[in-house]
Amino acid sequence: MPKHGGPAIEVQPRLATLVPERWPAEVVPAQDELLSSWQHRLALAHGLSPRHFGDCLGFGAGAWSARLDLEAPATLLNLLHRQTGVCRDRIAAMTIGGRDWRPLLLPLRHSVGLDRAGQMCATWLQFCPECLADDEAAYFRRAWRRASVMTCRRHGRRLIDRCPACRQGLAPFNQRALAPQFQCSVCGFDLRRAQAPKLAAATRQAAELIDDLVRIEAAKGFLGRSALTERLLALPSLQDPPCDQKFSKLSTAERLRCLTRIEPGFDQRLRRHFWADPDPIIAAWRRTIVTAGGIDASLQPLVRRLARRLDIDDEPAPRSRKRAAGAPAAELTSLLAAYGAVHARRRLLDKQAARSKA
Ligand SMILES: [Zn+2]
Ligand SMILES: [Zn+2]
């Protein structure tokens, strides 16, 4: 404490001396954040525009960061790890990942227009304005790169794939100003203020079923060898009138419109289209999910069984399988964790029983 009783000021060594190789500002990767989104936030935190940051890293042309989302070279992973202290594996996990996802990604294109059939083209990235508004620091999710994701389950709205003010696709990698990611890099519109359209319940359920199927087959490791991707990409050929474009090449609005154009018997026809697979085991398994109407509904019996075995079935079973709007779907990881807990508990009980016998 100083003699005059004022605040004690302790002069610390320069940060650069303490951590010589680290960039000074810490930017923690967010849940499911795209590598490009994190790099743009890193750039801004250090007073650089994303475009200038790309130049500094030696990647600065066109969609530099969006290309790195597909596959980040080891040199970049090492550099980012060294400069930020974030674990290399965690940085690599922000990329799109395995090749099984590639056919389902939206094309790396941010200039927009109509295709040969007069339909709105896909852009490379979608967003939910309400998610951006809720974020502590607005960021773009990996899931928003996939053509199989068309809705935000948290907010129950459809995703948006272009700026509502200038109608251009998002291009944060081209941002030359020190502006946050929620500002359109073309016209400066605040994307958090965009109005995401509501969806009819049947369309939303069909869109979420598609997302469920893709996520669960990816999690189980057979997305790359099942027929699901091929059947999903061929969906526009089922619509009335048929279209020869791949599903992933259509804008978000057109993909959802495609689902509603599969008439007559939209629901049944879509389900039958998806439950077919040359592998009979995959076909039977997928049919269970499709018939139930999604992974959440199909897993409810398992969830209840697990809950009973974990002695947490005090609450009555839900009367309806319908999930409340905005409530999160059952996640495979949660279920696997619960399943692991059941086995751990059983092992413990077996050991206790063996000890008491002894
Ligand atoms: Zn949202
Ligand atoms: Zn704009």
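For the structure, see preceding data.
Residues numbered from 1 in each chain as written. Chains lettered and ligands numbered in written order. Predicted model: local features only at pLDDT ≥ 70, side-chain atom pairs only at ≥ 80, totals over all residues. Heavy atoms only, no water.

Engineer: A description of the coordination of the zinc ion (ligand 1) should follow, citing residues and the corresponding values.
Structural biologist: Donor atoms from the polypeptide that coordinate the zinc ion (ligand 1) comprise Cys128 (SG), Cys131 (SG), Cys152 (SG) and His155 (ND1), at 2.1 to 2.3 Å from the metal. One can describe the site at the zinc ion (ligand 1) as tetrahedral: its 4 donor atoms subtend angles covering 105 to 117° at the metal. Mapping the donors of the zinc ion (ligand 1) onto the primary sequence gives the spacing C-x2-C-x20-C-x2-H. On the criterion of sequence distance, the pair formed by Cys131 in helix H7 (residues 129-134) and Cys152 in strand S1 (residues 151-152) is long-range, its members being 21 residues apart. With relative accessibility at 7%, the residue Cys152 sits in the buried group. (Donors = N, O, S within 2.8 Å, 3.2 Å for Na, K, Ca; no water. Tetrahedral: all angles 85-135°; square planar, octahedral: opposite > 155°, others 65-115°. Helix = DSSP H or I, 4+ residues; strand = E, 2+ residues; numbered from the N terminus. Buried < 20%, exposed > 50% of the residue type's maximum accessible area, 1.4 Å probe, protein only.)

Engineer: Give me the side chain of Arg41: which residues, what numbers.
Structural biologist: Mapped onto the fold, Arg41 is located in helix H2 (residues 35-45). The contact partners of Arg41, leaving out residues within four places of it in the chain, are Val27, Val28, Pro29, Ala30, Glu33, Ala137, Ala138, Tyr139 and Gln181. (Contact = heavy atoms within 4.5 Å.)

Engineer: An account of the packing of aromatic side chains is needed here, citing residue identities and associated values.
Structural biologist: This model, assessed by the stated rule, comprises 5 aromatic pairs. Judged by centre distance (6.2 Å) and plane angle (65°), the rings of Phe53 and Trp64 are edge-to-face. Highlighted residues: Phe53 in helix H3 (residues 50-57) and Trp64 in helix H4 (residues 64-70), separated in sequence by 11 residues. We note that Phe53, like Trp64, is buried. Centroid distance Phe222 to Trp285: 5.4 Å. Interplanar angle 85°. Geometry classified as edge-to-face. Linking Phe222 in the loop between helix H8 (201-220) and helix H9 (228-233) with Trp285 in helix H12 (residues 280-292), this pair joins segments that are 63 residues apart in sequence. Accessibility expressed as a relative area gives 25% for Trp285, which makes it partly exposed. (Phe/Tyr/Trp six-rings, centres within 6.5 Å; stacked < 30°, edge-to-face > 60°.)

Engineer: Any details on the pattern of salt bridges? Residues and values, ideally.
Structural biologist: Inspection of every chain in the model, using the stated rule, returns 18 salt bridges. Note that Arg153 is salt-bridged to Asp211, the shortest N-O span being 3.2 Å. With Arg153 in the loop between S1 and strand S2 (157-158) and Asp211 in helix H8, this pair connects stretches of sequence that are 58 residues apart. Each member of the pair, Arg153 as well as Asp211, is classed as buried. In this structure, Arg215 engages Asp212 in a salt bridge whose closest nitrogen and oxygen atoms are separated by 3.1 Å. Here Asp212 and Arg215 lie together in helix H8, a separation of 3 residues that amounts to about one turn. The exposure class assigned to Arg215 is partly exposed, which follows from its relative accessible area of 24%. Connected through salt bridges with shared partners, the residues Arg153, Asp211, Asp212 and Arg215 form a single ionic network. (Salt bridge = Lys/Arg side-chain N within 4 Å of Asp/Glu carboxyl O.)

Engineer: Account for the coordination of the zinc ion (ligand 2), with residues named and values stated.
Structural biologist: Taken together, the protein donors to the zinc ion (ligand 2) comprise Cys163 (SG), Cys166 (SG), Cys184 (SG) and Cys187 (SG), at separations of 2.3 to 2.4 Å. In this structure, the zinc ion (ligand 2) is coordinated by 4 donor atoms arranged in tetrahedral fashion, with angles at the metal of 105 to 118°. Here the donor residues of the zinc ion (ligand 2) are spaced in sequence according to C-x2-C-x17-C-x2-C. Given the relative accessible area of 41%, Cys187 is considered partly exposed.

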